[in-house]
Amino acid sequence: MTIYIDLERILKDRKVSKNKVCEACRLQRTQLNNYCKSKVSRIDLDILARLCAYLDCTPNDILKLQ
């Protein structure tokens, strides 16, 4: 089993633009794109907390087992 990041789906479901997320969570666009494409090997817990706070969700909503 592997863990993947389901952030792209959450952004689409909530109709939130990546630019707004980057601005609100103090992320560079490339960072957010890497999270959306599940191309990160180590998840930064601070970034995960900021994303969860902004999107009003939990880490369980973003991180999935595959």
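Before reading on, note that the structure itself is shown above.
Quick caveat, the model's predicted, so the values are computed rather than measured.

Colleague: I'd like a rundown of the overall build of the chain, residues and numbers included.
Modeller: On a plain count of helices and strands, the chain comes out with five helices and two strands. Expected size for 66 residues packed as a compact globule is a radius of gyration near 11 Å; at 11 Å, the chain falls within 12% of this value. Considered along the principal axes of its C-alpha atoms, the chain spans approximately 35 × 20 × 20 Å. When the 66 residues of the chain are sorted by exposure, 32% land in the buried category. Counted over contacts in the chain with a minimum sequence separation of 6, partners at least 24 positions apart contribute 65%. When the accessible surface of the chain is totalled, it reaches about 4,700 Å², and 49% of it is carbon and sulfur.

Colleague: For the nonpolar core, give the residues involved together with the corresponding values.
Modeller: In terms of nonpolar packing, the biggest core is built from 18 residues, with Leu7, Leu32, Leu51 and Ile62 touching the most fellow members. Counting only elements with at least two residues in this core, the list comes to α1 (7-14), α2 (18-25), α3 (29-36) and α4 (45-55). Examining the composition of this core, we find that five residues originate from one element, α4, more than from any other. Apart from the residues within four sequence positions on either side, leucine 7 is in contact with Leu32, Tyr35, Cys36, Leu51, Leu55 and Ile62.

Colleague: I'd like a rundown of the packing of α2 against α4, residues and numbers included.
Modeller: With their axes 10 Å apart at the nearest point, α2 and α4 run at an angle of 120 degrees to one another. Of the two possible hands of crossing, α2 and α4 adopt the one that is right-handed. Counting all contacts with α2, which are made through Lys20, Val21, Ala24 and Cys25, the residues of α4 involved are Arg50, Leu51 and Tyr54. Across the contact of α2 with α4, the residue classes break down as five nonpolar, no polar and two charged.

Colleague: An account of α3 is requested, with residue identities and associated values reported.
Modeller: What α3 keeps buried is the set Leu32, Tyr35 and Cys36. Mapping the buried residues of α3 onto a view down its axis gives an arc of 100 degrees, with all of them on the same face. In this structure, the buried side of α3 is in contact with β1 (3-5), α1, α2 and α4. Count one or two residues on from α3 and you reach serine 38, which has phi positive near 55 degrees.

The rules behind the values
- Residues numbered from 1 in each chain as written.
- Predicted model: local features only at pLDDT ≥ 70, side-chain atom pairs only at ≥ 80, totals over all residues.
- Heavy atoms only, no water.
- Helix = DSSP H or I, 4+ residues; strand = E, 2+ residues; numbered from the N terminus.
- Rg over C-alpha atoms; globule rule 2.2 N^0.38 Å.
- Buried < 20%, exposed > 50% of the residue type's maximum accessible area, 1.4 Å probe, protein only.
- Contact = heavy atoms within 4.5 Å.
- Areas by Shrake-Rupley, 256 points an atom, 1.4 Å probe, with all protein chains shown as cover.
- Core = buried A, V, L, I, M, F, W, Y, C linked by side-chain atoms within 4.5 Å.
- Axes fitted to C-alpha atoms, helices over the stretch in contact; angles between N-to-C directions.
- Left-handed = near helix turned anticlockwise from the far one by under 90°.
- Nonpolar A, V, L, I, M, F, W, Y, C, P; charged D, E, K, R; others polar.
- Arc of directions from axis to C-beta.

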